[in-house]
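# Coordinates in review
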Amino acid sequence: MRVAIIGAGVAGLASARRCLENDFEPIVYERSKGVGGTWVYDERTGIDEFGLPIHTSMYQNLMTNLPKELMDFPNFPYTGLDDVSFLKSCQVQEYIEQFTEHFGLYKHIRFCSLVTSVEKLTNNWQVTAEDLKTKTSKTEYYDAVMVCNGHNALPFTPDIPGNNDFDGIQIHSHNYRIPEHFTNLNVLIIGSGPSGVDICSDVSKIANQVYFSHHKPELIEKDFPKNVIHKPDVEHFSKKSVSFKDKTEQTLDAIIYCTGYKITLPFLKPSCGINVLNDKLITPLYKNIINMNNPTMGFIGYLNLTFVFRIFDLQVRYYLEFLRQNSSSRLDCMIKMMTPVTTHFLGENMLNYCKSLLLDKIKVEPIPPVYFEVYNGCHKLKDKYYRSYHSSVVRIIDSDDYVIEFDAKNAKNK
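Residues numbered from 1 in each chain as written. Predicted model: local features only at pLDDT ≥ 70, side-chain atom pairs only at ≥ 80, totals over all residues. Heavy atoms only, no water.

With respect to the element layout, Ser241 can be found in strand 14 (residues 241-244). Only 2.9 Å separates the side chain of Ser241 from the side chain of Glu249, close enough to count as a polar contact. Ignoring sequence-local partners within four residues, the contact set of Ser241 consists of Phe166, Glu249, Gln250, Thr251 and Leu252. (Helix = DSSP H or I, 4+ residues; strand = E, 2+ residues; numbered from the N terminus. Polar contact = N/O pair within 3.5 Å; in protein donor to acceptor, adjacent residues only side chain to side chain. Contact = heavy atoms within 4.5 Å.)

This is how it looks when you write it as structure tokens:
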């Protein structure tokens, strides 16, 4: 089976590895010059040399939100990092490159190759891609398509009254790289996801005052620097100030929107049978993976609030086993038993989601329970010891036990 894989980030590389293990022939299309997707750090912002938006959403001082023990591919551990769990983003990128080399994936990847069109034909898929270096296009045909280009490429910025009148700096977290641009400024950060929390901590080291706009009461209890003031939602902006919904007003120099991304799949033609609702939901997908209108198209990695490496790998194994077990004649019958997902957010439903992949007739090896325990344990530590969280060390003893050592103190979870 010949499989087109769109994207050479974590999802695409996991897909290519497992395709080779199943004797499928993968061709990976990657628009940039290297592997890693969002993990690639690029100091540039805006448009690249090919006239395309800079792909990375990484920033220079990022430490991982999860320990490396939750950020590895199965059967390929990190090496030389036994005494550290929370890594710099560049260390994760190096690991991804090592993974790509180890499993012989580079020869299956076409770099600087932008997919411009995917169409469903009667018995196969037509994929057209542009070589960004030569400006030439090539069309090829595949038995299946795996869409793995992620959902962190097109920033979402809310339309708040007065934001066009504001005279100061306005950027999305997608274009945040270093805090020095905000030295001695009064900075507003909007959004309380991982990027919002991380950038808030980073900018506060060098800014005069940081206003952190969110509606998560649990964040107020965390140990942020003294120059961070928690604020409710923004009501409106003026040229040099911001008004909040608590009726307070503050002088402002810069705004950083940590407000997430839109899902965009412009290369999928109507024949693919896929829609994106409100820029947030790909539909109709079964198990967040299978295109219910054309099940030989799968989506890997379109999940939020999860540990991605192993869960993306589980999605890949599930989908390839689905393709392996089901001939074209059986697919129509399978579709009748499918129901589409209504969200890509997992969070507390992550374990149930993974279990649901094991309830079907498709048999794949589950993720060991210890990984979910470590994930929950780490979040408890982060809630309690936020400022020193990245000093924690996770040690997985075996599949039934784990230890989290926190900073040189006695705080442990076992």
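This brings us to the state of the cysteines. One pass over the full model with this rule turns up zero disulfides. Among the cysteines around Cys148, which has no disulfide bond, Cys19 carries the closest sulfur, lying 8.7 Å off. Here Cys272 is not cross-linked by a disulfide; its sulfur's nearest cysteine counterpart is in Cys148, at 14 Å. (Disulfide = S-S within 2.5 Å.)

Attention now moves to the side chain of Ser213. By the element assignment, Ser213 lies in strand 11 (residues 209-213). Within the local environment of Ser213, its side chain forms a polar contact with the backbone oxygen of Pro232, the two atoms lying 2.8 Å apart.

A few words on the packing of helix 5 (residues 308-325) against helix 7 (residues 350-359). For any two helices packed against each other, one specifies the crossing angle of their axes together with the interaxial distance. Two numbers describe how helix 5 lies on helix 7: the axes approach to 10 Å, and their chain directions differ by 20°. Relative to helix 7, helix 5 is oriented roughly parallel. Considering only the axes of helix 5 and helix 7, their crossing is left-handed. Taking contact as the criterion, the partners of Ile311, Leu314, Gln315 and Tyr318 in helix 5 are, on helix 7, Met350, Tyr353, Cys354 and Leu357. By residue class, the composition of the contact of helix 5 with helix 7 is seven nonpolar, one polar and no charged. (Axes fitted to C-alpha atoms, helices over the stretch in contact; angles between N-to-C directions. Parallel < 35°, antiparallel > 145°, perpendicular 65-115°, else oblique. Left-handed = near helix turned anticlockwise from the far one by under 90°. Nonpolar A, V, L, I, M, F, W, Y, C, P; charged D, E, K, R; others polar.)

Attention now moves to the pattern of salt bridges. Applying the stated criterion to the full structure yields 16 salt bridges. The shortest N-O distance in the salt bridge between Lys205 and Asp202 comes to 3.9 Å. Its relative accessible area of 6% is what places Asp202 among the buried residues. Across the salt bridge formed by Lys247 and Glu235, the nearest N and O atoms sit 3.4 Å from each other. Placement of Lys247 in the loop between strand 14 and strand 15 (249-251) and of Glu235 in strand 13 (residues 234-237) is noted, with a sequence separation of twelve residues between them. We classify Lys247 as exposed; its relative accessible area is 67%. (Salt bridge = Lys/Arg side-chain N within 4 Å of Asp/Glu carboxyl O. Buried < 20%, exposed > 50% of the residue type's maximum accessible area, 1.4 Å probe, protein only.)

Cis geometry is found at the peptide bond from Thr283 to Pro284, where omega equals 0°. Position of Pro284 among the secondary structure elements: in the loop between strand 19 (281-283) and strand 20 (285-286). Residues other than glycine seldom take positive phi values, yet Asp279 does so here, at roughly 65°. By relative accessible area, which is 36% here, Asp279 ends up partly exposed. The phi torsion at Asn288 lies on the positive side, around 60°, for a residue other than glycine. Looking at the secondary structure, you find Asn288 in the loop between strand 20 and strand 21 (290-291). Take Asn288: its relative accessible area is 2%, and that puts it in the buried class.

What follows concerns the sheet that holds strand 6 (residues 136-142). Overall, antiparallel pairing links the three strands, which are arranged 4-5-6 in an open sheet. Pairing within the sheet leaves two strands with one partner each, and these edge strands are strand 4 (113-120) and strand 6. Between one strand axis and the next, the sheet turns by 20° as a mean value, whatever way the strands run. (Pairing = 2+ DSSP bridges.)

This paragraph deals with the packing of helix 1 (residues 10-21) against helix 2 (residues 89-102). Contact geometry of helix 1 with helix 2 gives a least axis separation of 11 Å together with a crossing angle of 20°. Relative to helix 2, the element helix 1 lies roughly parallel. Of the two elements, helix 1 crosses helix 2, and the hand of that crossing is left-handed. On the side of helix 1, the interface is formed by Val10, Leu13 and Arg17, while helix 2 contributes Ile96, Phe99 and Thr100. In the contact of helix 1 with helix 2, the residues fall into four nonpolar, one polar and one charged.

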